[in-house]
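Working through the structure, step by step
So the chains spell out like this:
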Amino acid sequence: MTPMEKIRKLRESGSFHFTKSLGQNFLTDDNILEKLVRAAGISREDAVIEIGPGAGIVTEKLLQGAGPVLAVEIDKALIPFLEETLAEYPNFTLWHEDVLKAPLDKWIKEHSPEKPIKVVGNLPYYVTTPIIMKLLEDGFPIDTMVFMVQKEVALRMAAKPGTKDYSALSVAVQVYCQVEKAFDVSSHVFIPKPKVDSAVVRLRRHAEPPAQIDDPKLFFTLVKAAFGQRRKTLSNALSHLRPKEEKSRIIDVLQAAGIDPVRRGETLNIQEFANLSLLWRKTFFHDTMDADKNS
Ligand code: SAM
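Model, not experiment: these values are computed from the prediction.

1. Let's talk about the layout of surface pockets
- Approximately 380 Å³ is the volume attributed to the largest pocket.
- Around the largest pocket, the lining is made up of 28 residues, and of these L22, G52, E73, N122 and P124 lie nearest the centre.
- When residues of the lining of the largest pocket are traced back to their parent elements, those giving at least two are β1 (26-27), β2 (48-51), α3 (57-65) and β3 (69-73).
- In terms of residue class, the lining of the largest pocket is built from 18 nonpolar, six polar and four charged.
- Estimated volume of the second largest pocket: approximately 320 Å³.

Now the structure itself:
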């Protein structure tokens, strides 16, 4: 069945209506579908989790090329249709769950105990960042993720220091992964048509992290402060974290970390943020308890 035939059949089944609040924009274009699945480099050796199967358009392509596939769908109205139309595939598991709460580690342990898995999804836009951050932060054994997201989010995830799209999200994702924008996707290839264009991003987990981050909470507090006031120099942007401190002490910490205090936060790479958080901690906090209280 082509994507359009699947969507027509789903609509004719009578029990499904598109729910905007669940980010339901279904893919209608075979070429984009091919490219999305190809970008993940999937083979029969791979266990794959798909987030948000919708009418099963991406799911079926995955089932034809991958090993075990788990699809996690929040909308109950889609479950009978997916069960019925994909029943012929022995490698298919379907969960009716919110992916943010689903015990993915259980499925991974059972279906791919040795090899890291892949994750694919045309993600619901309202919850893209929480989904990606959960997959990264929970430490699941995942080596590659390929996601369709809003183009603007793709650009932010892949952005390099000093560019206009470089943001706290770029740092948060690039701490874990190498990110590349694979290709752009026009809003015309979805039903219903979203207001914005999309892009496919590929995230590959680093074999070696780009920097050692001893205190992630403090690291991300500094990252957020640095990007929160983009027009300010770093010494000004960071001083609101320590309102009672002499500004010269903030400048000293920056200099000790090898960072010119008049630079702007958006120019720092991950290694520089890591150096800064190490020295910040040494200067202002004596132990973990203090850092947790004050960061
Ligand atoms: N994969 C299909 C396609 O490409 O045509 C549908 C993609 S649509 C953009 C996003 C899908 O994610 C919808 O089916 C929606 O119901 C589902 N979804 C939304 N929030 C979810 C969540 N928290 N957990 C799991 N699925 C979710």
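This is not the end of the story, as more comes after the structure.
2. Concerning the nonpolar core
- Counting 66 residues, the largest nonpolar core has L104, L135, F147, F219 and W280 as the members making the most contacts within it.
- Broken down by element, the residue count for this core peaks at eight residues, all from helix α9 (residues 216-228).
- Residue-level mapping places this core at the junction of two domains, with at least three residues from each of domain 1 (3-205) and domain 2 (216-294).
- If we skip the residues at most four places from it in the chain, F147 touches I51, V119, V120, G121, L123, I132, L135, A199, V200, V201 and L203.
- Ranked by size, the runner-up nonpolar core spans 38 residues in total, among them F16, I79, Y125 and V200.

3. Some words on the sheet that holds strand β4 (residues 92-96)
- Pairing is mixed across the open sheet formed by seven strands, whose spatial order is β4-β3-β2-β5-β6-β9-β7. Among the strands making up the open sheet, the edge pair consists of β4 and β7 (177-185). When strand polarity is set aside, the average angle formed by the axes of neighbouring strands in this sheet is 15°.
- Pairing of strand β6 (residues 142-150) with strand β9 (residues 198-205) involves seven bridges; the strand directions are antiparallel. Residue pairing in the sheet places M145 in a bridge with L203 of β9.
- The sheet strands contacting helix α6 (residues 128-137) are β2, β5 (117-122), β6, β7 and β9, and the helix crosses β6 at an angle near 175°.

4. Concerning the packing of aromatic side chains
- Across all of its chains, the model carries eight aromatic pairs by this definition.
- With centroids separated by 5.8 Å and ring planes inclined at 20°, the aromatic side chains of F16 and F26 adopt a geometry described as stacked. A residue pair is termed long-range when its members are at least 10 positions apart, and F16 in the loop between α1 (3-12) and β1 and F26 in strand β1 qualify at 10 residues. Residue F16 shares its accessibility class with F26, and that shared class is buried.
- By the ring-pair criterion, three or more aromatic residues cluster together here, those being Y166, F219, F220, F227 and F273.

5. Quick look at the packing of helix α11 (residues 247-256) against helix α12 (residues 270-284)
- The geometry of α11 relative to α12 is characterised by a closest axis approach of 9 Å and an angle of 135° between their N-to-C directions. Comparing their axes, α12 and α11 come out oblique. Between α11 and α12 the crossing geometry is right-handed. For the pair α11 and α12, contact is made by R249, I250, V253, L254 and A256 and by L276, L279, W280, T283 and F284, respectively.
- For the contact of α11 with α12, a count of residues per class yields eight nonpolar, one polar and one charged.

Procedures and definitions
- Residues numbered from 1 in each chain as written.
- Predicted model: local features only at pLDDT ≥ 70, side-chain atom pairs only at ≥ 80, totals over all residues.
- Heavy atoms only, no water.
- 1 Å grid on protein atoms, 1.4 Å probe; cavity = no way out; pocket = protein on both sides within 12 Å on 5 of 7 lines; lining within 4 Å.
- Points joined across faces, edges and corners; volume = space filled by probe spheres on them.
- Helix = DSSP H or I, 4+ residues; strand = E, 2+ residues; numbered from the N terminus.
- Nonpolar A, V, L, I, M, F, W, Y, C, P; charged D, E, K, R; others polar.
- Core = buried A, V, L, I, M, F, W, Y, C linked by side-chain atoms within 4.5 Å.
- Buried < 20%, exposed > 50% of the residue type's maximum accessible area, 1.4 Å probe, protein only.
- Domains from an automatic or database assignment.
- Contact = heavy atoms within 4.5 Å.
- Pairing = 2+ DSSP bridges.
- Axes fitted to C-alpha atoms, helices over the stretch in contact; angles between N-to-C directions.
- Phe/Tyr/Trp six-rings, centres within 6.5 Å; stacked < 30°, edge-to-face > 60°.
- Parallel < 35°, antiparallel > 145°, perpendicular 65-115°, else oblique.
- Left-handed = near helix turned anticlockwise from the far one by under 90°.

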